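Structural overview
The primary structure of each chain is shown beneath.
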Amino acid sequence: MKDILQQLEDRRAEARLGGGQKRIEAQHARGKLTARERIDLLLDEGSFEEFDMFVTHRCTDFGMEQQKPAGDGVVTGWGTINGRLVYLFSQDFTVFGGSLSETHAQKICKIQDMAIQNGAPVIGINDSGGARIQEGVASLAGYAEVFQRNIEASGVIPQISVIMGPCAGGAVYSPAMTDFIFMVKDSSYMFVTGPDVVKTVTNEQVTAEELGGAVTHTRKSSVADGAFDNDVEAMAEVRRLVDFLPANNREKPPVRPFFDSPDRIEASLDTLIPENANSPYDMKELILKLADEGDFYEIQEEFAKNIITGFIRLEGRTVGVVANQPMVLAGCLDIDSARKAARFVRFCDAFEIPILTLVDVPGFLPGTGQEFGGVIKHGAKLLFAYGQATVPMVTVITRKAYGGAYDVMASKHLRSDFNYAWPTAEIAVMGAKGATEIIHRADLKDPDKIAKHAADYEERFANPFVAAERGFIDEVIQPHSTRKRVARAFASLRNKKASMPWKKHDNIPL
């Protein structure tokens, strides 16, 4: 018996070494951790239960039968994050460069199936050279099996991808269908075709980092939601994100202890809005002052900075925040910001996370670039996402809410539950100057008359009371009481039940 037990321990030790000590050292030399080290950082200590440690590939071509490392390049299993169940896989670059084989894919699919059945998040740690060439179409079939499960899990359980090395070709489409993608600066990249293929086909000279590095995907393409300095920070931040999310679409997000009174008054908010209506201010200051303990987890911080998305807690409960940022493009909506916010709103709605919308929007960004790029259809995505959402929604208009952008940003007409405005709010079709020049076109040659008309327009329309008179604004509130009013609003909406007419699925303007 002792011999058998020793044999088991020997086999386990060999499996844990993956591609061997030399390759582990090479991984460390690149500034990267191994698949198992990443799991140890991500999960609660001692909680990891591994599946399929001894699985090997079945390929017999190209001499592959001579190399059959246990685990076949991916570590799979389940564990806990702050005591809550998660499933995960972590690709092992020390084994055949983490390339995906038929059995490698089967291990990932098993984890995905169990996550869906048991209603728990699935986290994928990607570090792979792509499809295993020696296996040909069997490897491609494996990718497609993984993709199908990503689609089935979408909106059912949270799916998080962490890119911690290469991710190229077909490998990129599994992360692309998950809810959140995070990358590590200078050691991870994603692209459909690599620099060599790009050079051959288009004659463009580009490095892997420029083509698909963390900076590219967080600032330019919006493929990734965030980038971290190293593997350790990435794992810590994923743990933090999971804490904000529900386990599945039938459960509420976890309620955390809080030490911040919901009735807290923030006197500084009374002077947040500048005297000059064209002067910017930082909307993040408002978000941080509303959140429990000033804790804000921002999503896609580096992309489309004219809109802010992320998670806060109010009375210990997760709330999704969408906010215009007057510091960038005056807070205008454009193609990128509409796409960014629409995807975030749809995620929150899928997982029963209430949505707080903070509005200071002068309209949609004008210009041929926007129109040719399809701002109409992209703007409609955000409109559609809000109009479709059935979760509790609270909207606060702090300053400008002009034109169609007023409608789009969770207005009463899109069935937002509570719509508040600060006394500084200006709710109108457009600014006083533009409106006056249209209404009083005959007086354009007389600056004094135009100035008087503009002043009259401002007095009549550049305030929240016209909308309040119509019931489109539920209450005009004091800025310093915003946290209290918003917290009470969400508390009153905890048992909200709303539904849309039956349909197979919608046809969102993609």
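Above this text sits the structure in question.
Below is a short write-up of the structure. (Residues numbered from 1 in each chain as written. Predicted model: local features only at pLDDT ≥ 70, side-chain atom pairs only at ≥ 80, totals over all residues. Heavy atoms only, no water.)

1. Concerning the overall build of the chain
Within the chain one finds 19 helices and 17 strands. Of all 510 residues assigned to the chain, the portion counted as buried reaches 51%. Contacts in the chain between residues at least 24 apart in sequence constitute 73% of all its contacts with a sequence separation of at least 6. Both charge centroids of the chain, one from 58 positive and one from 69 negative side chains, sit 4 Å from each other. (Helix = DSSP H or I, 4+ residues; strand = E, 2+ residues; numbered from the N terminus. Buried < 20%, exposed > 50% of the residue type's maximum accessible area, 1.4 Å probe, protein only. Contact = heavy atoms within 4.5 Å. Lys, Arg positive; Asp, Glu negative; His and termini not counted. Charge placed at Lys NZ, Arg CZ, Asp CG, Glu CD.)

2. Some points on the sheet that holds strand β2 (residues 74–81)
Strand order in this open sheet of seven strands is β1-β2-β3-β4-β5-β7-β9, and the pairing throughout is mixed. Lying at the two open borders of the sheet, with one neighbouring strand each, are β1 (49–51) and β9 (226–228). The average angle at which neighbouring strand axes cross in this sheet is 20 degrees, direction not considered. Inspection of the sheet shows strand β5 (residues 159–163) paired to strand β7 (residues 180–184) by four bridges, in the parallel sense. Bridging across to β7, isoleucine 163 finds its partner in methionine 183. (Pairing = 2+ DSSP bridges. Axes fitted to C-alpha atoms, helices over the stretch in contact; angles between N-to-C directions.)

3. Structural notes on the packing of helix α12 (residues 335–350) against helix α14 (residues 375–388)
Between α12 and α14, whose axes approach to 8 Å, the crossing angle comes to 20 degrees. Comparing the axis directions of α12 and α14 gives the class roughly parallel. Crossing of α12 over α14 shows left-handed handedness. Residue-level inspection shows Ile335, Ala338, Arg339, Ala341, Ala342, Val345, Arg346 and Asp349 of α12 in contact with α14, the latter providing Val375, His378, Gly379, Lys381, Leu382, Phe384, Ala385, Tyr386 and Gln388. Classifying every residue of the contact of α12 with α14 by side-chain character gives ten nonpolar, three polar and four charged. (Parallel < 35°, antiparallel > 145°, perpendicular 65-115°, else oblique. Left-handed = near helix turned anticlockwise from the far one by under 90°. Nonpolar A, V, L, I, M, F, W, Y, C, P; charged D, E, K, R; others polar.)

4. What about the pattern of salt bridges?
If you walk through the whole model with that rule in mind, you get 29 salt bridges. Residue lysine 32 is joined to aspartate 127 by a salt bridge in which the shortest nitrogen-to-oxygen separation is 3.2 Å. In this pair, lysine 32 sits in the loop between α2 (21–29) and α3 (35–42) while aspartate 127 sits in the loop between β4 (122–126) and α5 (137–153), placing the two residues 95 residues apart along the sequence. Judged on exposure class, the residue lysine 32 and its partner aspartate 127 are both buried. Linking arginine 313 and aspartate 295 is a salt bridge whose minimum nitrogen-to-oxygen distance equals 3.7 Å. A residue pair is termed long-range when its members are at least 10 positions apart, and arginine 313 in strand β11 (residues 307–314) and aspartate 295 in the loop between α11 (283–290) and β10 (297–299) qualify at 18 residues. Owing to a relative accessible area of 11%, arginine 313 belongs among the buried residues under this scheme. In this structure aspartate 295 comes out as partly exposed when scored by relative accessible area, which is 26%. (Salt bridge = Lys/Arg side-chain N within 4 Å of Asp/Glu carboxyl O.)

No statement about biological role is implied by the geometric values presented.
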